[in-house]
Structure formats: C-alpha cells, structure tokens
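Coordinate inspection notes
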Amino acid sequence: MKKKLILSTGILFSMLVAGNCYAAAGDIQGEFKLDEMVVTASRIEKKDIDVPAMTQVYNEKDIERTGATNVMDFMYNVLGAEVLDTTAPAKNGVHFRGTGSSSRMRTSALIMLNGIPINIQGRADISAIPVTAIKRIEVLNGGGSVLYGTDALDGMVNIILKDTVKNRLYGGFGTHGYREGGIAIQADKLSLAYDGRKISERGHDGILGNSNVPTKVRYGGKYDSSNYFAHLVPDEHLDVVYMQRDYSNDYFYRGPSGYNDPDAESRLLNVKYKNKNLNVSTYWKDYELSIVNDKTGLTTDNWSKVYGIDINNKFDIRKASIIVGGNFDSERMAQTKGTYRRTQDTTAIYMLLDAPVSEKTSVSVGGRHVYISDLGNKFCPQFNVLHKLDENSSLFLNVNKAFRTPLAEELFGNAGHGYTGNLALRPEEGWLSEIGWKKQFDDKSVKIAVFNMDIKNRISKDATKTFVNNDKFKNTGVEALYEQNIDSKWKYNVGMTYSNPKEKSAAKGWTQADYKFMGTAGIHYQLDKYNASLNVQYYGLQTPSSKDKDAVNFNFNMGYKFDKNSSVIFRVKNIADSDKSFESCGSQLPKRAVSLTYYLDF
C-alpha cells in the first residue's frame with residue numbers, strides 16, 4: 001500500500017516538475033487566479049488573496065478549458081472535492097475533508113446558486129446546471145453555517161450565473177448507448193436551456209460488500225435524465241431562476257434480492273431582489289424519490305418540500321462593513337406523497353463584522369442564532385484574521401462553528417434499503433478551524449492550509465442499519481494547491497489532501513471514517529482551434545473495511561473549433577475502466593465511457 005501511495009503521489013507531482021521545464025521555453029502569461037473576486041466567504045466582494053479561508057475561484061474560461069458539460073463534470077478539477085458521480089444517482093454529491101463515510105447518508109456539501117442554497121435532503125442536482133450559463137464557480141473548503149445555515153459543514157460551492165447565455169444547439173453519442181442533446185436560447189432578458197441524456201448500461205459487475213462469501217451483483221442500468229433551466233434578469237434589481245430535473249433508472253443495483261428501480265424529480269425556484277446593499281432572496285424547492293424492488297415489491301418514497309426567505313443588508317461604517325440578516329426556512333418531509341410526517345421550521349438571525357485593525361491586518365467576527373422546531377436553539381460563532389505579508393501574499397486564521405440538521409431518510413428510514421429511521425436524532429454540530437498561506441506570482445499561485453474538525457452528534461448507521469448519533473467525528477489534515485500557466489498554451493494544477501478522519505461510536509470506539517489521502521492533478525492545452533484537458537483523482541488509504549484500498553479516476557477531453565460558431569468535443573471518462581469502489585459512497589464508478597458531441601452556436 002505504501003508503495004502505491006508513493007507512486008501515485010510521484011505521478012501527481014511529477015507534473016509540477018515537468019511544468020517548470022516547459023515554462024523555461026514558453027511565453028509566461030501575466031494574469032493569474034488570486035486577483036479573482038470572491039463573495040461566498042463573507043457576502044462581501046474581495047480578492048481571493050484577501051479572503052481568510054481556503055478558497056478556489058474558476059471563471060468562464062477555466063470552465064470551458066476543461067470541456068465539462070455541467071457542474072458535476074467540472075468538480076473533478078477542484079482540489080479536495082470528492083465527486084461521487086456513481087452508478088447510483090441518489091448517492092451523487094460533492095464532499096470535502098473526509099466527511100462522506102459510506103455508513104452515512106450521502107449528503108453533499110452546501111451548493112448555492114447566486115448565493116442561495118439549493119440543497120434539499122442533503123443533496124443538490126448540480127448536473128442540471130449547464131456550463132453555458134455560468135459566469136464563475138467559487139469553492140470554499142470548510143464551514144460556513146454563520147452566513148448560510150445547515151449543510152455548510154465541510155465545504156460550499158457557489159455557482160454564479162451569467163445574465164445571458166449563448167444561443168446553442170448540441171447533440172452527441174457514445175459507448176453503452178449514450179445519447180445527449182440540448183439547446184440554449186437567449187430571448188431578450190430570458191435564458192432558456194434544455195438538456196437530455198440517456199445511456200443503456202452504466203455499471204460494472206462486482207461483489208457486494210466485504211463478505212467472505214462473494215455475492216455477484218451489477219451496479220447501474222439504463223439511465224434517462226431531462227434537465228430544464230430558465231433564468232430571467234429583467235433589470236439590475238431582480239433575478240429569477242427555475243430549474244427542474246427528472247431522471248429514472250431501470251436499476252442501479254441488481255443482485256440475488258432483485259433490483260432497485262428509482263425515479264426522481266427535483267424542482268426549484270429562486271427569486272432574488274437587490275437594491276444597493278439590501279438583498280432579499282426567496283426560494284422554493286421540491287424533491288421526490290421513489291424506489292421499487294422488483295422481487296420484494298418494497299417501495300420507498302421520499303418527499304420533501306422547502307420554502308424560505310433570507311434578508312440581509314450591508315452597512316459601511318468608516319472602514320468597517322457589517323452584514324446583518326435574518327432567515328426563515330420551512331421543510332416538510334414524508335415517505336408518502338401528501339402525508340407529511342414532520343415539518344421542520346428554522347428561524348435565524350446572523351451578523352458578520354469585517355474591519356481592519358492595522359494597515360496589513362483585518363478581523364472578521366460574527367455569529368448566527370438559530371431556532372429549529374423540535375430541536376431547539378443553536379448558536380454558531382465565527383472569528384477570522386487575515387494578515388497581508390505583502391500585496392501578493394497573506395496568512396489567515398479561520399475558526400467557526402457549523403451544523404447539519406437530520407434528513408428525512410435519517411428520521412423516517414428507508415424500507416427499500418432496510419434502513420431504520422430515528423426521530424430522536426440531534427443535529428450534527430462542531431468546531432472547524434484552519435490556518436493557511438496564499439501566495440500569488442505572475443504565472444502561478446500556491447495555497448496551503450492546515451485544518452481541524454471536531455464534530456459531535458455525527459449521524460451514521462449502526463450494525464442494525466438504524467440511524468444514530470455517534471459521539472464524535474474528528475479530522476486533522478493539510479491541503480495544498482499549486483497552479484501554473486506554463487505559457488500561452490499550457491496550464492496545469494496539482495493538489496493534495498492528507499488527513500486522519502475518524503469517528504467514535506459506543507460499539508466500536510474510534511475507527512477510521514474515510515480515505516486519508518487524496519490527490520488531484522490536471523493539465524490543459526489550448527491553441528487556436530484546439531484544446532485538450534486531462535485530469536486525475538486518486539483516493540488512497542481508505543478504511544480497513546473497504547475492499548479497495550485505493551482508487552484512481554482519469555478523465556480526458558479534446559476539442560476542435562471548426563469556426564466561430566461550431567465545434568466538437570471528444571471525451572473519455574474513467575479511462576482506465578476502473579471498477580473500484582469509493583469508500584465514501586460504497587458504490588462504483590460507471591464503466592469507461594467514450595463520447596463525441598457537436599456544438600452549434602447561432
């Protein structure tokens with residue numbers, strides 16, 4: 001295992017050495033990433049280098065360079081993002097810092113659209129968002145419950161939309177019966193987009209679980225999805241977004257006990273009003289999941305509807321800025337449509353003060369007081385310090401408390417999977433801290449952070465598949481990211497996370513909760529009409545109970561532009577055709593998939 005880890009680490013970081021060799025012969029570009037503006041960390045627009053947190057910012061050109069067709073595809077390029085794009089759609093999501101153990105529900109980090117959280121039941125359908133509509137993506141590794149509430153426990157992804165989209169028509173095909181097609185249209189101030197995808201067979205044959213008696217199964221069958229997107233920006237004050245995603249599988253797991261056939265729909269409507277420093281956001285979200293087992297006939301339905309409002313205002317007092325806001329959120333959850341077993345209302349007030357204390361040092365302090373029906377009061381404080389070493393480098397300290405409320409499936413169970421719910425579950429909550437350094441050069445940037453997480457009431461499944469609150473979850477680790485523009489054609493990035501995620505339960509004591517090492521690397525090429533991108537994710541030192549101790553995923557794409565209005569992209573996902581399981585999901589990657597897509601702008 002140590003040899004594999006050393007070899008994989010060497011492969012990832014050899015790209016860094018090679019990059020320096022190329023740079024000597026190339027034309028170094030002057031612009032770089034830490035000049036990008038960030039709003040997610042504090043709701044106040046700042047340069048990346050002035051933000052006291054581990055942040056990553058990707059603009060429209062960065063996203064286009066990767067060849068990604070949606071946000072889920074793009075997340076493979078993000079440091080520390082554990083992207084669960086598996087054969088089980090209900091398990092898909094994005095995690096950070098080792099929080100996605102397979103003994104838990106597959107909750108995602110907090111996903112936001114123009115600063116409005118879109119998670120419902122711990123997940124967000126980010127594959128429904130077309131990249132043509134995206135202005136930039138901001139990623140924050142770490143907690144953010146003070147400003148954004150539940151689910152901001154391990155990381156946040158904020159997708160900032162453009163006001164308009166390109167008129168575009170596209171279609172493609174690939175292996176395993178893959179077909180895709182879509183259209184995006186700008187009609188005055190209204191953006192409309194549709195995307196449809198289907199595939200005949202996604203998964204590998206495999207062995208169920210870690211039993212000494214092998215049980216042959218197959219993961220992933222026929223898959224269909226339809227995504228609808230509308231974005232209206234009538235003036236500088238109002239912004240309206242509607243999204244809908246429908247998907248179905250013939251099965252996502254087939255074995256001796258039959259197969260599970262899931263159908264799901266998700267819808268959301270966000271309305272945002274902005275007038276100078278005042279922001280008012282209202283939202284409505286709806287999620288329906290139905291799973292039927294063909295042999296047992298057991299049906300599992302999960303229904304959740306959410307509506308809410310968030311109001312905040314920024315006050316500038318001399319050199320200081322204060323964000324003051326309030327939020328009301330109501331979620332109705334059930335396992336039978338129309339018969340809601342629980343309503344969970346959340347009311348919160350929050351404040352964040354950001355002020356300089358010297359020419360080079362600034363401090364942020366804030367807090368969020370939350371009342372959750374049936375679960376009581378919570379208070380989450382936050383404290384940040386940023387010290388500028390010079391114009392191009394900074395040190396930061398970030399300490400905050402975050403929380404996550406239980407999901408409907410954790411409360412009520414899941415008959416299809418044999419999970420038992422627990423209405424007595426308490427919210428996960430705990431302290432998160434990090435200290436880091438950022439350095440910006442003309443052609444490259446470096447970011448390093450050491451972090452610690454100490455969470456109590458960790459929700460997971462016990463030996464009887466009942467959801468319980470374990471005593472503790474802890475993780476201490478280091479993250480590093482290096483990016484460089486080699487010349488006007490080549491660009492690459494290398495990142496790694498090494499940590500020790502562990503959880504404590506009454507039955508087992510302290511045990512490893514997730515993988516300890518994760519490496520990411522990507523290299524991108526662009527010249528005139530050609531572009532290409534190769535990225536890799538490596539997960540190592542998974543838990544002792546995992547049947548696969550490490551897992552690697554390679555993805556490649558290459559594009560050619562015929563003229564200013566037409567182009568084609570060739571993609572290969574899971575190049576090595578890996579059938580290994582990712583510990584945090586307990587499910588396999590889809591088979592190697594090759595596809596070709598043609599785009600026509602008009």
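Note: the structure precedes this text.
Report on the accompanying structure.

Examining the overall build of the chain
Helix and strand content of the chain: 5 helices and 42 strands. Expressed as a percentage of its 602 residues, the buried residues of the chain come to 58%. Looking at the chain alone, contacts between residues at least 24 apart form 60% of all its contacts between residues at least 6 apart. Roughly 24000 Å² of accessible area belongs to the chain as shown, and the carbon and sulfur atoms make up 58% of that amount.

Section: the environment of Ile-311
Structurally, the position occupied by Ile-311 is in strand S20 (residues 299-317). Residue classification places Ile-311 among the partly exposed residues on the basis of a relative accessible area of 39%. As a C-alpha pair, Ile-311 and Val-324 span 13 residues in sequence and 8.5 Å in three-dimensional space. Setting aside residues up to four positions removed in sequence, Ile-311 forms contacts with Leu-278, Asn-279, Val-280, Val-324, Gly-325, Gly-326 and Tyr-350.

As for the pattern of salt bridges
The final tally for this structure, using the stated rule, is 27 salt bridges. Of the charged contacts, one joins Arg-97 and Glu-434 as a salt bridge, the two residues approaching to 2.9 Å between their closest N and O atoms. Here Arg-97, found in the loop between strand S5 (93-95) and strand S6 (110-113), pairs with Glu-434, found in strand S28 (residues 428-440); they are 337 residues apart in sequence, far enough to count as distant. There is no split in this pair, since Arg-97 and Glu-434 are both buried. Taking the shortest distance from any N to any O, the salt bridge between Arg-267 and Asp-286 comes out at 2.1 Å. Of this pair, Arg-267 sits in strand S18 (residues 258-275) while Asp-286 sits in strand S19 (residues 278-293); the two residues are 19 residues apart in sequence, bridging distant segments of the chain. Arg-267 gets classed as buried once you look at its relative accessible area, which sits at 15%. Since its relative accessible area comes to 2%, Asp-286 is described here as buried.

Quick look at unusual backbone geometry
Here the phi dihedral of Lys-276 falls at roughly 60°; this positive angle occurs in a residue that is not glycine. Among the secondary structure elements, Lys-276 is positioned in the loop between S18 and S19. Take Lys-276: its relative accessible area is 71%, and that puts it in the exposed class. Phi at Arg-318 is positive, roughly 55°, even though this residue is not glycine.

Looking at the packing of aromatic side chains
Enumeration according to the criterion identifies 10 aromatic pairs in this entry. For the ring pair Phe-517 and Tyr-538, a centre distance of 5.9 Å and an interplane angle of 55° mean the geometry is tilted. One end of the pair, Phe-517, is in strand S36 (residues 517-527); the other, Tyr-538, is in strand S37 (residues 530-540), and 21 residues separate them in sequence. On the accessibility criterion, Tyr-538 (2% relative accessible area) is buried. Residues Tyr-560 and Phe-562 carry aromatic rings whose centres are separated by 5.1 Å and whose planes lie at 80° to one another, so their mutual orientation is edge-to-face. The class for Tyr-560 is partly exposed, based on a relative accessible area of 26%.

A short note on a nonpolar patch on the surface
Together, Leu-169, Ile-183, Ile-185, Leu-192, Tyr-194, Tyr-228, Phe-562, Tyr-598, Leu-600 and Phe-602 line one region of the surface with nonpolar side chains, adding up to about 850 Å² of accessible area. Those elements that place two or more of their residues in the nonpolar patch are strand S11 (179-187), strand S12 (190-199) and strand S42 (593-601). Residue position: Phe-562 is located in strand S38 (residues 551-563). Since its relative accessible area comes to 41%, Phe-562 is described here as partly exposed.

Concerning the nonpolar core
Ranked by internal contacts, the top residues of the largest apolar core, which has 35 residues, are Met-75, Phe-96, Ile-126, Ile-129 and Ile-159. Within the residue set of this core, elements represented by two or more residues are helix H3 (71-74), S6, strand S8 (134-141), strand S9 (155-161) and strand S16 (238-249). Met-75 has contacts with Ala-81, Val-83, Val-94, Phe-96, Ile-126, Val-157 and Gln-537, leaving out every residue within four places of it along the chain. Membership of the second largest hydrophobic core comes to 16 residues, among which are Ile-44, Leu-110, Tyr-350 and Leu-352.

Topic: the environment of Leu-113
In this structure, Leu-113 sits in strand S6. Leu-113 gets classed as buried once you look at its relative accessible area, which sits at 1%. As a C-alpha pair, Leu-113 and Ile-137 span 24 residues in sequence and 9.5 Å in three-dimensional space. Excluding anything up to four places from it in sequence, Leu-113 contacts Ile-118, Ile-129, Asn-158, Ile-159, Leu-161, Val-241, Met-243 and Asn-270.

Brief notes about the pairing of strand S29 (residues 444-456)
Along any regular strand the residues' side chains alternate between the sheet's two faces. Note that S28 and S29 share 12 bridges and pair antiparallel. Note that in S29 the partner of Ile-435 across the bridge is Val-450. Between the antiparallel neighbours S28 and S29 lie 3 residues. The pairing of S29 with strand S32 (residues 472-485) spans 13 bridges and is classified as antiparallel. Along S32, the bridge assignment pairs Lys-447 with Leu-481.

Some remarks on the sheet that holds strand S7 (residues 116-117)
Spatially, 5 strands are ordered S3-S8-S9-S6-S7 in an open sheet, and the strand pairing comes out mixed. Of all the strands in the sheet, just strand S3 (54-59) and S7 have a single pairing partner and so form its edges. Where S6 lies against S9, 4 bridges are found, and the strand directions are parallel. In the sheet register, Met-112 faces S9, and the bridge partner there is Asn-158.

What counts and how
- Residues numbered from 1 in each chain as written.
- Predicted model: local features only at pLDDT ≥ 70, side-chain atom pairs only at ≥ 80, totals over all residues.
- Heavy atoms only, no water.
- Helix = DSSP H or I, 4+ residues; strand = E, 2+ residues; numbered from the N terminus.
- Buried < 20%, exposed > 50% of the residue type's maximum accessible area, 1.4 Å probe, protein only.
- Contact = heavy atoms within 4.5 Å.
- Areas by Shrake-Rupley, 256 points an atom, 1.4 Å probe, with all protein chains shown as cover.
- Salt bridge = Lys/Arg side-chain N within 4 Å of Asp/Glu carboxyl O.
- Phe/Tyr/Trp six-rings, centres within 6.5 Å; stacked < 30°, edge-to-face > 60°.
- Patch = residues over 30% accessible without salt bridge, like charges linked within 9 Å, V, L, I, M, F, W, Y side chains within 5 Å.
- Core = buried A, V, L, I, M, F, W, Y, C linked by side-chain atoms within 4.5 Å.
- Pairing = 2+ DSSP bridges.

Function-wise, these values are silent; they only describe arrangement.
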